[in-house]
Structures are given as C-alpha cells and as structure tokens.
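Now for the letters of each chain:
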Amino acid sequence: MKLKICGMKYPENIVEVSKQHPDYLGFIFYEKSTRYFNGEIPELPKSIKKVGVFVDAPWEEIISKIDQYDLDIVQLHGNETPEFCKLLQQTPIEIIKVFSVNDDFNFEVLAPYEAVCDYFLFDTKGKLPGGNGIPFNWKILKKYNSAKPFFLSGGIGIEEIDKIKKMNLPVHGIDVNSKFETGPGLKNASAIRELFLHKNNIMRTTYNVNEKGFYGNFGGAFIPEMLYPNVEELRQNYLQITAEPSFQQEFSNLLKDYVGRPTPLYFAERLSKEYNTKIYLKREDLCHTGAHKVNNTIGQILLAKRLGKTRIIAETGAGQHGVATATVCALMGLECIVYMGEIDIRRQAPNVARMKMLGAEVRPATSGSKTLKDATNEAIRDWINNPENTYYIIGSVVGPHPYPDMVARFQSVISAEIKSQLLEKEGRENPDYVIACVGGGSNAAGAFYHFLDDDQVNLIAVEAAGKGIHSGESAATSALGKIGIIHGSKTLLMQTDDGQITEPYSISAGLDYPGVGPMHAHLYETKRAEFLSITDDEAMHWGLKLSQLEGIIPAIETAHAFAVLDNKKFEPTDIVVINLSGRGDKDLNTYIDYFKF
Ligand SMILES: *Cc1c(COP(=O)(O)O)cnc(C)c1O
C-alpha cells in the first residue's frame with residue numbers, strides 16, 4: 001500500500017517529511033484552499049512523486065504548473081470531464097481522477113474515465129472539494145469492480161489504516177492530510193514518522209509468518225510427538241532471546257569482524273552496459289566461508305549457547321551447511337556432529353575434509369537413498385534422543401516453525417544492507433528488482449525480507465531446471481511441486497501421484513532440494529514473487545560469463561540467478577540487485593568437467 005501525503009506547504013516541513021520517503025507528496029493548486037501552494041518545492045529524493053492537485057483549473061494553468069514544478073502526476077478534484085482528462089493524457093504526466101463519495105456511490109460514473117486516467121481517488125463528499133477530514137462509509141467499496149488502482153482519502157489516521165487493512169480493500173494507496181497536521185499545510189513530523197513505522201509494522205504480516213508459524217497456507221510444525229518438546233522450547237524462546245540487546249550486539253559484532261559484513265553492494269559496470277540496465281551485485285560470496293550460509297549458523301549457535309546447549313547437530317547434502325556449522329562450532333568450542341548421506345560423503349570429499357579439519361564428526365547416513373533426506377532423518381533421530389543438551393542447526397528456511405522464520409530473520413541482514421547501500425549510492429532504498437536463486441530459499445529470503453511488503457520492488461526467485469523442467473531430472477519445485485509435508489513443514493514439494501517425494505536433480509548441489517521453504521511457496525502462490533527455472537547449461541554458461549565479464553567466479557547455484565538477465569527485459573533506468581550468494585571455488589571440479597579446461 002502506497003502512502004501519499006497531501007497538502008504540503010512549507011519548505012522546511014517538506015524536507016522533513018520527505019525523509020520518511022513517502023511514495024507521493026501532494027501540492028494543492030486551488031487558491032481557496034488553506035493549503036494553497038505557490039512557493040518553491042525543495043529538492044526531493046527521486047523516488048517521491050510530486051502530485052499537483054487542481055479543482056476545475058484551466059488547461060493552461062495545469063500545464064504551466066507541471067512545467068514550473070516538474071510534477072509527475074496531476075490530481076483532478078473538480079468536475080473535469082473525460083475529454084479533459086484525455087487532453088491531459090497527451091502529456092507524459094499521470095492522472096488521478098477524484099470522486100467524492102458519501103453513503104452511496106454509483107460506480108457506473110467511473111466507466112468513461114477508465115481509459116483516460118491512471119488512478120481513481122475516492123474522497124469524502126462534503127462542503128469543500130476535498131479536505132473535509134472525515135472518512136466515508138468504506139463498505140461501499142466492496143462493490144468496486146474495476147481493475148484501475150485507486151487511492152483512498154478523507155480523514156485517514158493510524159486507526160483508519162488498521163481498519164483498511166482489516167477490511168482487506170484493494171487499495172493502491174492511501175492519502176493522508178489533516179490528521180497529521182499541527183496547522184493547515186504544516187505536517188507534524190513525529191506523527192508522520194509514527195505513521196510510517198505503523199504502516200511498516202502492520203504490512204509486515206502480509207507476506208511474513210503469522211503467530212502460528214504459517215505463511216498463508218504454508219508452514220506450521222508437522223512433527224512427531226517425540227520431537228515436540230525440542231521444537232516447542234525453541235519456539236517459546238527464539239524471539240525473546242534474539243531481541244535481547246546482548247544477543248544483537250554479539251551477533252552484529254561477529255557478522256562484522258568474523259564474517260566480514262557488510263558485504264559490498266557492487267555496481268557491475270560491464271554487465272550493466274551489456275544488458276542496458278543498472279545491475280548491482282550483493283557480494284555474499286565475500287562472506288567468510290564463501291557464502292551466505294554462515295549468517296544463519298552464527299545466529300543459531302548464539303541462540304544454542306543461550307539455551308544452554310553444549311552439543312550441535314546438523315545435516316548436510318552438498319556439505320556447504322555442514323562446513324558453515326562446523327565453522328561456528330569451532331568458533332564457540334562446541335561439539336559438532338554432521339549427518340551426511342554415504343553417497344554424498346563420497347561425492348563431496350573436499351567438504352568432508354573441511355568439516356573434519358574444523359573438528360566436526362561426520363556421521364554417514366546409510367539408509368534409503370543415502371543422500372540428504374536420509375541424513376535429515378538421522379539428525380532428527382539424534383535430536384529426539386538427546387533433547388536436553390543438543391541443538392539442531394537447520395541450514396535454510398525449511399523445517400518446522402520456528403526454523404523458517406528464524407533463518408529468514410538471521411539472513412535478513414542481506415536486504416537491510418541493500419537498503420542502506422542503495423540509499424547511499426542511488427538516493428533510494430528500494431531497487432526495482434531483487435533476484436536470487438532458491439534451493440531451500442534462505443539467501444532469497446534474506447535478500448527479499450525487507451522488501452516483502454513494498455510491492456513496487458519486484459522479487460524474482462530462480463530455481464534449478466536441471467536438464468529441463470520436464471526432463472524428469474530437475475529441482476524446479478514451484479513448477480512441478482504440489483502441496484505436501486517435508487521436514488515438518490507444509491509446503492510445495494516434488495512428489496509422485498501417491499505422495500512419495502521424488503529425487504531432485506541439479507548440477508548445483510545447493511539447489512538440489514525437492515521442496516522450497518514455506519515463505520517461498522506462499523510468495524509463489526500469491527504471485528508476490530516471480531519464479532523462473534534455469535537449466536544446468538544456462539547456469540554453467542553464466543558461471544563462465546560472470547567470471548570473464550566481472551572477474552567473479554560464482555557458485556553454480558548463484559549462476560542460475562544471473563540467467564534471468566537473458567530471460568527478462570529490464571529498462572535502462574531499472575535498478576536490478578542480484579544476490580551473489582556464493583563463490584565458485586567449491587565448484588571448480590564441476591566447471592572443469594563441464595568446460596574441459
Ligand atoms: C546452499 C546454497 C544455496 C541454496 O540455499 P538457499 O537456502 O536457497 O539459499 C545457494 N547458493 C549458495 C552459494 C549456497 O551455498
């Protein structure tokens with residue numbers, strides 16, 4: 001939901017309010033209004049659109065104000081006809097047409113305006129053309145059946161925002177004015193600050209987890225009874241412990257001095273030139289141990305210590321999460337046992353050696369297909385048998401609640417940094433696109449987290465199509481998956497008709513997972529994120545291309561994300577952030593085999 005703050009008047013006040021980055025600022029060019037504007041508009045951040053508000057003003061006047069103030073949008077508050085709007089459409093400006101509403105409204109009057117304006121705005125009918133300071137009966141908007149985005153205006157304060165949220169109205173943006181003023185045209189900066197905080201808080205619930213551990217239809221904790229005490233102990237404590245100042249201090253110190261954060265947000269000049277758009281790379285490959293995974297294992301080991309646990313277990317497929325866990329156990333001097341399928345132990349010898357060198361014990365899982373899912377079963381069995389002293393570190397946004405939420409929070413440092421780094425480099429916090437590869441979904445969750453509720457930020461999740469989505473050898477969960485339960489969580493997963501989990505395949509071991517985390521299942525279902533699948537060949541091509549274009553050898557997982565550049569068209573002014581989740585050293589043998597170096 002966008003925020004428009006209308007009736008701005010005083011330069012210092014405008015600067016103050018613009019610091020909160022509203023989506024729109026409105027200036028009223030109607031002389032009879034107490035908020036009539038005829039001063040200078042100070043320099044504003046580029047992301048804020050300037051709206052000029054007019055009431056039956058002559059064409060020439062509107063054109064001259066557009067010119068003088070470099071307006072982005074005109075808002076027409078009088079009896080302007082569809083023909084008048086059509087004339088204005090010849091300018092590059094966007095048009096908001098206002099309709100005043102009281103207890104009833106004939107929605108048919110909108111029809112002639114559909115094609116000639118960009119937005120509708122519904123305001124309360126009263127003595128004045130707008131600015132009456134009271135809401136109308138919003139219930140009648142349930143009858144709104146146009147696809148045109150609309151703003152809601154009239155006496156909106158914090159309480160009203162809650163009401164709009166509860167009524168679930170399809171509002172594009174809300175327009176606030178008098179409720180946030182100390183005098184006509186003078187906004188109360190602290191009330192505006194509060195408004196933004198509040199909006200961000202209540203909006204957070206939309207795509208994020210709810211108090212029961214669900215993301216829409218997905219998530220929860222579907223676990224055997226024997227596991228319940230362990231998971232419940234974690235659920236009851238994770239939010240409180242991670243919110244403690246001493247925890248936050250220790251976490252951020254380690255991220256800074258041990259992991260090497262903040263990781264750079266690097267403007268990829270040669271890549272940007274080739275694709276004629278602005279591409280930034282979030283350099284998680286520069287984290288200690290070579291990928292984002294360590295952000296999460298640091299968070300969880302600090303939590304384990306505060307819960308009084310002395311023994312750490314984990315499961316690993318390709319070995320990356322095992323290495324990240326063994327690393328933080330060494331750092332904290334805790335016992336570490338990593339379960340790994342017997343076949344994976346053979347396939348991933350260098351990572352096995354790393355774990356051993358870091359002091360961890362690698363225990364082979366010898367049942368079933370002897371891969372990740374069997375290792376997971378072994379780890380769960382261990383945890384059930386050692387509930388008192390053992391903590392189970394899960395490596396992605398998967399597993400029973402609270403794991404997906406907890407891991408997403410630890411990884412959310414990625415998007416928090418992107419925001420402040422972009423603000424510094426581009427004068428705005430929000431990019432147009434964030435792109436990340438998805439195995440379980442933790443690097444994507446971290447890169448998306450603080451943008452989830454800003455729907456002007458497009459989110460793109462990239463899965464592994466292996467040898468082709470329909471080749472029978474892929475890990476394209478969103479395209480192929482159905483609802484099911486894996487690792488204690490209800491989510492999308494690849495399964496046979498009778499519900500057996502199918503063996504996934506990707507050339508990159510880190511994307512080779514038959515499900516996605518529940519957050520991503522929800523992002524897919526609600527279409528909040530776009531999901532693309534990229535084949536082995538496309539990813540390998542990009543591994544080589546990024547190496548030679550930017551001097552960065554990416555992990556093969558990460559290379560999948562870059563292939564989006566060949567599959568989607570971006571505008572020259574778009575800011576595209578690609579989460580560079582990890583470096584490719586670990587994949588050198590696969591690259592050698594593929595390219596026959
Ligand atoms: C493990 C890994 C992934 C996939 O895991 P997510 O939880 O989806 O992030 C992606 N990239 C790299 C470099 C990895 O090591």
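This report concerns the structure included in the present document. The numbers attached to residues start from 1 for each chain and follow its sequence in the written order. Owing to the predicted nature of the model, reporting of local features is limited to residues with pLDDT of at least 70; listing and counting of side-chain atom pairs is limited to 80 or more, with chain, interface and lining totals taken over all residues. Heavy atoms from the whole structure form the basis of all side-chain values; hydrogens and water molecules are not counted.

**As for the environment of F410**
Inference 1: A run of H or I in DSSP counts as a helix once it spans at least four residues, and a run of E counts as a strand once it spans at least two, with each numbered from the N terminus. For F410, the position within the fold is in helix α14 (residues 403-411).
Inference 2: When the C-alpha atoms of F410 and A445 are compared, they prove to be 9.8 Å apart, with 35 residues separating the residues in sequence.
Inference 3: For this analysis, residues touch if any pair of their heavy atoms sits within 4.5 Å. Those residues in contact with F410 that sit more than four places away from it in its chain are T242, F247, F251, N295, N296, G299 and Q300.

**Overview of the pairing of strand β2 (residues 24-28)**
Inference 1: Most of β2 is tucked away: five of the five residues are buried.
Inference 2: Relative to β2, strand β1 (residues 2-5) runs parallel, the two being bridged by two bridges. Residue pairing for β2: K4 is matched across the bridge by Y24.
Inference 3: Handedness of a crossover is defined as follows: with both strands directed away from the viewer, a clockwise route from the first strand across the helix to the second makes it right-handed. Since β1 and β2 lie parallel, the crossover through helix α1 (residues 11-18) that links them has a hand, and here it is right-handed. A simple rule labels every residue: compare its accessible area, found with a 1.4 Å probe on the protein chains alone, to the largest value its type can have, and call it buried under 20%, exposed over 50%, or partly exposed in between. A pair of strands is treated as paired once DSSP finds two or more bridges between them.

**Let's talk about the nonpolar core**
One broad trend across soluble globular proteins is that nonpolar side chains are buried collectively.
Inference 1: Put simply, buried Ala, Val, Leu, Ile, Met, Phe, Trp, Tyr and Cys residues joined by side-chain atoms within 4.5 Å make one nonpolar core. Core analysis: the biggest nonpolar cluster contains 85 residues, and I301, L303, Y391 and F448 have the highest contact counts within it.
Inference 2: Beyond its immediate sequence surroundings of up to four residues, I301 is in contact with I312, V328, C329, M332, L334 and I393.
Inference 3: Membership of the second largest hydrophobic core comes to 56 residues, among which are M8, I14, V101 and I164.

**Examining the pattern of salt bridges**
Should the charged atoms of two oppositely charged side chains come close, the side chains can pair.
Inference 1: Put simply, a salt bridge is a Lys or Arg side-chain nitrogen that is within 4 Å of an Asp or Glu carboxyl oxygen. Overall, the coordinates contain 34 salt bridges when judged by the stated rule.
Inference 2: The shortest N-O distance in the salt bridge between E426 and K278 comes to 3.0 Å. With a gap of 148 residues between them, E426 in helix α15 (residues 413-426) and K278 in strand β14 (residues 278-282) connect regions that are remote in the sequence.
Inference 3: Look at K278 and you get partly exposed, because its relative accessible area is 28%.
Inference 4: The partner of R363 in a salt bridge is E361, and the shortest N-O contact between them spans 2.7 Å.
Inference 5: Residue classification places R363 among the partly exposed positions, given a relative accessible area of 29%.
Inference 6: The partly exposed category is assigned to E361, whose relative accessible area is 36%.
Inference 7: Several salt bridges share partner residues, and in doing so they unite R311, E335, E361, R363 and D382 into one network.

**Some details on the site of the ligand**
Inference 1: Neighbouring the ligand are 16 residues; K293, S396, G439, G441 and S442 lie closest to it.
Inference 2: Any N or O atom pair separated by 3.5 Å or less is treated as a polar contact, with the protein-specific requirement of one donor-capable and one acceptor-capable atom, and with residues adjacent in sequence counted only for side-chain atom pairs. Here S442 contributes a side-chain N or O atom positioned 2.7 Å from an oxygen atom of the ligand.
Inference 3: For the ligand, the accessible surface in isolation is 380 Å², of which the surrounding protein chains cover 97%.
Inference 4: Here the residues of the shell around the ligand sort into three nonpolar, 11 polar and two charged. In this text, near means that some heavy atom of the residue lies within 4 Å of the molecule or strand in question. The protein chains shown are the only cover counted for residues, whose accessible areas, like all others here, come from Shrake-Rupley with a 1.4 Å probe. Note that Gly is not counted as nonpolar here; it falls among the polar residues with everything else outside the nonpolar set of Ala, Val, Leu, Ile, Met, Phe, Trp, Tyr, Cys and Pro and the charged set of Asp, Glu, Lys and Arg.

In short, geometric facts, not functional conclusions.
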